[in-house]
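So you can see what is in the structure, the chains are spelled out below.
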Amino acid sequence: MGVLSCMKYLMFIFNVLVFAGGTCLAGMGVWVAVDPAGFQDIVAARAVLSAGAWLLLAVGIALSLLGFLGCCGALRRSRPLLLLFFILVSLVFLTQLIGAVLFLVHWKQVQPEQFLSDLQRNYGGDEGAEVFSTAWNTLMVTFSCCGVLGPEDFGNGSRFQELHPEMPWPRACCVRDGLLQAGEVLGWEQCQDRSPGYIHEQGCFSTFGRTLQRYISLPGTCSLAVLGIEIFAMFFAFCLYYNFD
């Protein structure tokens, strides 16, 4: 009886952790979905990237509800609730595993050429009012990069070259006296001459990719922790189901 009581409270604790982990995942999903910086507009055509936010949000909400359900099942000693909890958590667990595998497979297939064609076809310049151009300007200024692969991306018959034939690349590619877009360009003439220290030579694909790899460790670690908690929660639910009268 003491072991059963201990398992019941361990089940409750693990479900509180499931609820907390689900809330964290949902919060990350909301942040990516709201996309305050507008970066998602740059990669909206990449299904694996645009769907990631909604997957995080859906899984997070589901886990939060399941954590509450598991707590009720443990405290009320309800076998139907425990069985329902076990089945639903198993489905969420499988969904997370499938989502992780698909993300890893498709992420390796993302190539810079896909972004380069979109940039050359749609980017309108520093004064472009459309969301695509604004998002790219924000990205280049924030991450101190230029184009997808480098400044040459704005030539070769691009839309930017047609709209601004007198400019080799946008001002967003130039070094500024601050990280924000309001910062002044250090030297526009030197930037046009491609003088060292006045232009960002690095493309945004590699720069943003390195930054994404650094920050993706947080949701990745959180997801792995939640998966581990789910395994223990399913184990305790299974044990309690067969021991409760």
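I will try to describe carefully the structure that is included in this document. (Residues numbered from 1 in each chain as written. Predicted model: local features only at pLDDT ≥ 70, side-chain atom pairs only at ≥ 80, totals over all residues. Heavy atoms only, no water.)

**Regarding helix α5 (residues 131–142)**
So, point 1. The end-to-end C-alpha distance of α5 is 16 Å, a good match for the 16 Å that 12 residues give at a rise of 1.5 Å each.
So, point 2. Taken across its 12 residues, α5 has 9 buried, putting it largely inside the fold.
So, point 3. If you check which residues of α5 are buried, you get Phe-132, Ser-133, Ala-135, Trp-136, Asn-137, Thr-138, Leu-139, Met-140 and Val-141.
So, point 4. Ser-144 lies just past α5 and shows a positive phi near 50°. (Helix = DSSP H or I, 4+ residues; strand = E, 2+ residues; numbered from the N terminus. Expected span 1.5 Å × (residues − 1). Buried < 20%, exposed > 50% of the residue type's maximum accessible area, 1.4 Å probe, protein only.)

**Things to note about the environment of Met-167**
So, point 1. With respect to the helices and strands, Met-167 occurs in the loop between α6 (159–163) and α7 (188–192).
So, point 2. The buried category is assigned to Met-167, whose relative accessible area is 14%.
So, point 3. For the pair Met-167 and Gly-125, spaced 42 residues apart in sequence, the C-alpha separation works out to 9.8 Å.
So, point 4. Apart from residues lying up to four places away in sequence, Met-167 is in contact with Asp-126, Phe-160 and Trp-188. (Contact = heavy atoms within 4.5 Å.)

**Comments concerning helix α4 (residues 112–122)**
So, point 1. Among the residues making up α4, those that are buried are Pro-112, Phe-115, Leu-116, Asp-118 and Leu-119. For α4, the angular spread of buried residues about the axis comes to 165°, placing them on one side. (Arc of directions from axis to C-beta.)

**So, the side chain of Ser-158**
So, point 1. Its location among the elements puts Ser-158 in the loop between α5 and α6.
So, point 2. Setting aside residues up to four positions removed in sequence, Ser-158 forms contacts with Gln-120 and Asp-153.

**Some thoughts on the pattern of salt bridges**
So, point 1. For the structure on display, the rule yields 4 salt bridges.
So, point 2. Between Arg-159 and Glu-130 there is a salt bridge, with its nearest N and O atoms 3.0 Å apart. Highlighted residues: Arg-159 in helix α6 and Glu-130 in the loop between α4 and α5, separated in sequence by 29 residues.
So, point 3. Here Arg-159 falls in the partly exposed class, since its relative accessible area comes to 30%. (Salt bridge = Lys/Arg side-chain N within 4 Å of Asp/Glu carboxyl O.)

**Here's the deal with the state of the cysteines**
So, point 1. Enumeration over the complete set of coordinates arrives at 3 disulfides.
So, point 2. Shown here is the disulfide that connects Cys-146 with Cys-173, its sulfur atoms set 2.0 Å apart. Linking Cys-146 and Cys-173, the disulfide has an S-S dihedral of approximately 75° and is accordingly described as right-handed. A residue pair is termed long-range when its members are at least 10 positions apart, and Cys-146 in the loop between α5 and α6 and Cys-173 in the loop between α6 and α7 qualify at 27 residues.
So, point 3. Paired through a disulfide, Cys-174 and Cys-191 show a sulfur-sulfur distance of 2.0 Å. (Disulfide = S-S within 2.5 Å.)

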